[in-house]
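# Survey of secondary and tertiary structure
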Amino acid sequence: MKKITIKDIARMAEVSPTTVSLVLNKKPSRISEEKKELIYKLAKQYGYTPNLNARGLVSNKTNMIGLIIPDIENPFFASLAKVIEEEVDKRGQSLILLNTNDSYEKDISGLRLLNMRGVDAFLIVFSNEAYSHEKELKELLAELNKPFVLLDRTFDTINCNQVIFDNHKGQMLATEFLVDKGFKNIGYIAAPEHSLNGEKRLMGYLDVMKRNNFPTNLFVYGNYRFDSGYELVEELVKKDIDSLVIANDVMAYGALKKLNELGIMVPDDISVIGYDDLIYSSMSLTSLSTVRQDQSHLGRIGVELLYKNIREKTHIEKIILEPELIIRKSIKEK
Ligand code: RIB
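None of the values given here were measured: they were computed from a predicted structure. (Residues numbered from 1 in each chain as written. Predicted model: local features only at pLDDT ≥ 70, side-chain atom pairs only at ≥ 80, totals over all residues. Heavy atoms only, no water.)

### As for the sheet that holds strand β8 (residues 243-246)
Strand order in the open sheet formed by four strands is β7-β6-β8-β9, with parallel pairing between adjacent strands. Every interior strand has two partners, whereas the edge strands, β7 (219-221) and β9 (271-273), have only one. Mean inter-strand twist for the sheet, computed between neighbouring axes without regard to direction, equals 15°. Pairing between strand β6 (residues 186-190) and β7: three bridges, direction parallel. Its bridge partner lying in β7, Tyr-188 is registered against Phe-219. Packed onto the sheet, helix α8 (residues 167-180) meets β6, β8 and β9 and runs at close to 175° relative to β8. The strands that helix α10 (residues 226-237) touches are β6, β7 and β8; relative to β6, the one it contacts most, it runs at about 150°. (Pairing = 2+ DSSP bridges. Helix = DSSP H or I, 4+ residues; strand = E, 2+ residues; numbered from the N terminus. Axes fitted to C-alpha atoms, helices over the stretch in contact; angles between N-to-C directions. Contact = heavy atoms within 4.5 Å.)

### So, the pairing of strand β11 (residues 318-321)
Every other side chain in a regular strand lies on the same face of the sheet, so the side chains alternate between the two faces. The two faces of β11 differ: Ile-319 and Leu-321 on one face are buried, but Lys-318 and Ile-320 on the other face are not. Pairing between strand β5 (residues 162-165) and β11: four bridges, direction parallel. Within β11, the position partnered with Phe-165 by the bridge is Leu-321. (Buried < 20%, exposed > 50% of the residue type's maximum accessible area, 1.4 Å probe, protein only.)

### Considering the pattern of salt bridges
If charged atoms from side chains of opposite charge come close, those side chains can pair. Evaluation of the coordinates by the stated rule reveals 22 salt bridges. Asp-152 is the salt-bridge partner of Arg-153, the closest N and O atoms lying 3.7 Å from each other. The same class applies to Arg-153 as to Asp-152, namely buried. Note that Lys-257 is salt-bridged to Glu-261, the shortest N-O span being 3.3 Å. Taken together, the residues Lys-257 and Glu-261, both in helix α11 (residues 249-261) and four residues apart, mark about one turn of the helix. (Salt bridge = Lys/Arg side-chain N within 4 Å of Asp/Glu carboxyl O.)

### Considering the side chain of His-315
Here His-315 is to be found in the loop between α12 (295-311) and β11. Residue classification places His-315 among the buried residues on the basis of a relative accessible area of 17%. Side chain to side chain, His-315 and Glu-317 meet in a polar contact 2.8 Å long. (Polar contact = N/O pair within 3.5 Å; in protein donor to acceptor, adjacent residues only side chain to side chain.)

### Examining the side chain of Ser-330
Counting through the fold element by element, Ser-330 comes out in the segment after β12 (324-326). Its relative accessible area of 1% is what places Ser-330 among the buried residues. Polar side-chain contacts of Ser-330 include one of 2.8 Å to the backbone nitrogen of Ser-289. What Ser-330 contacts, discounting residues up to four positions off in sequence, is Val-266, Pro-267, Ile-270, Ser-271, Val-272, Thr-286, Ser-287, Leu-288 and Ser-289.

### Examining the site of the ligand
Neighbouring residues of the ligand: Asn-74, Phe-76, Phe-77, Asp-152, Arg-153, Asn-197, Arg-201, Tyr-224, Asn-248, Asp-276 and Gln-293. A distance of 3.1 Å separates an oxygen atom of the ligand from a polar atom in the side chain of Gln-293. Calculation on the ligand without its partners gives an accessible area of 280 Å², and the protein chains cover 100% of this total. Elements represented by at least two residues in the shell around the ligand include exactly α5 (75-90) and α9 (196-211). Across the shell around the ligand, the residue classes tally to three nonpolar, four polar and four charged. Here the shell around the ligand spans two domains, and each of domain 2 (62-165 + 295-322) and domain 3 (167-293) adds at least three residues to it. (Near = heavy atom within 4 Å. Areas by Shrake-Rupley, 256 points an atom, 1.4 Å probe, with all protein chains shown as cover. Nonpolar A, V, L, I, M, F, W, Y, C, P; charged D, E, K, R; others polar. Domains from an automatic or database assignment.)

### What about the domain arrangement of the protein chain?
As far as domains go, the protein chain holds domain 1 (6-50), domain 2 (62-165 + 295-322) and domain 3 (167-293). The C-alpha centroid of domain 2 is placed 37 Å from the C-alpha centroid of domain 1.

What follows is the structure, given as structure tokens:
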């Protein structure tokens, strides 16, 4: 059966297609109440459903928001996407989610694809590779000319709407806590070398080690994924560390698995603090101490800022959220 269109309804109601579109989109019009009722009746009678792309052409809005995340397997981003979808849904809109697998090329293709799909605005967590392509990405964001908010990962030189955590403070909190507990040979599995969050966390760790005249060569660069925590921790164990801070919980899970295989007990032999406070960190057998980056809070504040920018096109704001140290069973009581 042929799908009924706005033109069909217009012909039956003896009005223009624009009038039908205004009435069905509940926009102001000079048409009589009698004709309005006839248009609603015909739309219902013939099962008219709007073509969203066509609606976007008329109202210049599709009621869709695009979200780009770098690693959907990491619960940090999965939890973030979940709360963003809930917040966008509360506002009567839909979310289109794209995962880039931490690829710069997919940052680019994803932004272009979402723009072609006509999303009204963007929420973006860039890939770690983006830090090697900052200029191109900033040019693309300007070219898209739509409201956007950078979440969690930003560039030091960009003036845009963004919501991030204080990465330097977060890693300082974890490292200082271990120093206060009497640990000295504190190892560190860092985030990827060319990521801004990673650089700031590494500085937070090194500032504490330097301030206490502790070794500053007890760190290695990870890749935020399970395998690097698993493979790298043994190198630090060989340097006789007495404790360990790690730049995210997923790498911490990998490190804990390897320490277990090596017969090294946590916390009795080595105390461990991760970063993110993923949903699994409180569930593990030796519950993981960590630095909480509240994903729900990040998502809610990010969506609020995006809709503020949709309402006020010139609104620019940088919001820095506070990390929180969460102590659980992975630290030895000295
Ligand atoms: O676990 C993934 C990491 O990358 C998190 O620490 C978050 O800050 C993101 O940037």
